[in-house]
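Breakdown of the fold
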Amino acid sequence: MHAIILFAHGSRDPLWHKPIQAVAQRIEQRVAQQGESTVVRCAYLELTVPDLPTVAQQLVTEGATSLDVVPMFLGVGRHAREDLPALMQALRVAHPSVDISCQPAVGEREVLLDLLADIALGKLA
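We now turn to the structure provided with this report. Quick caveat: nothing in here was measured; it's all calculated off a predicted structure.

When you go through the protein chain residue by residue, the secondary structure sums to four helices and four strands. Tracing the protein chain from N to C terminus, the helices and strands come up as β-α-β-α-β-α-β-α. A globule of 125 residues ought to have a C-alpha radius of gyration of about 14 Å, and the protein chain, at 15 Å, matches this closely. Taking all 125 residues of the protein chain together, the buried fraction comes to 34%. Nonlocal contacts in the protein chain, meaning residues at least 24 apart in sequence, comprise 69% of its contacts between residues at least 6 apart. With an accessible surface of roughly 7,600 Å², the protein chain has 55% of that area assigned to carbon and sulfur atoms. Side chains of the protein chain give 10 positive and 14 negative charges; the mean places of these two sets differ by 4 Å.

What follows is the structure, given as structure tokens:
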């Protein structure tokens, strides 16, 4: 089983996680339409549960053989440069038989930057 983990910062505000969960729901809808068996979960660095190690462990227990972590960070600050690589290394040590990958932070993607520019210019409804 393949799994995607949307990894975000977290917040004390209970409504903060709703956009991340909305992305997860959209992924689930697309996967279902394509007939794939990818599982999607959300994990958070701090202030919100569950954290990345907990979600990874749950997925491995459920039978995941590959995990793809997607950092939902616009800026590539200390969390993306330092904390995330350390977490990824710990996951690989904890689950050596699982293929664990990490995509670049979403804020490093040209397509997202173009989309944000289009939104700011009012080009998208």
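The next thing to look at is unusual backbone geometry. That bond from valine 49 to proline 50 is cis: its omega, 5°, falls within 30 degrees of zero. With phi around 70°, leucine 47 is a residue other than glycine that occupies positive phi space. By the element assignment, leucine 47 lies in the loop between β2 (39–44) and α2 (52–61). Residue leucine 47 is classed as partly exposed on the basis of its relative accessible area, which comes to 44%.

One can describe the packing of α2 onto helix α3 (residues 78–94) by two numbers: an axis separation of 10 Å at closest approach and a directional angle of 30°. Accordingly, the angle class assigned to the pair α2 and α3 is roughly parallel. Pair α2 / α3 crosses with right-handed handedness. The residues of α3 that touch α2, namely those facing Leu52, Pro53 and Ala56, are Leu84, Leu87 and Leu91. Residue composition of the contact of α2 with α3, by class: six nonpolar, no polar and no charged.

Conventions and cut-offs
Residues numbered from 1 in each chain as written. Predicted model: local features only at pLDDT ≥ 70, side-chain atom pairs only at ≥ 80, totals over all residues. Heavy atoms only, no water. Helix = DSSP H or I, 4+ residues; strand = E, 2+ residues; numbered from the N terminus. Rg over C-alpha atoms; globule rule 2.2 N^0.38 Å. Buried < 20%, exposed > 50% of the residue type's maximum accessible area, 1.4 Å probe, protein only. Contact = heavy atoms within 4.5 Å. Areas by Shrake-Rupley, 256 points an atom, 1.4 Å probe, with all protein chains shown as cover. Lys, Arg positive; Asp, Glu negative; His and termini not counted. Charge placed at Lys NZ, Arg CZ, Asp CG, Glu CD. Axes fitted to C-alpha atoms, helices over the stretch in contact; angles between N-to-C directions. Parallel < 35°, antiparallel > 145°, perpendicular 65-115°, else oblique. Left-handed = near helix turned anticlockwise from the far one by under 90°. Nonpolar A, V, L, I, M, F, W, Y, C, P; charged D, E, K, R; others polar.

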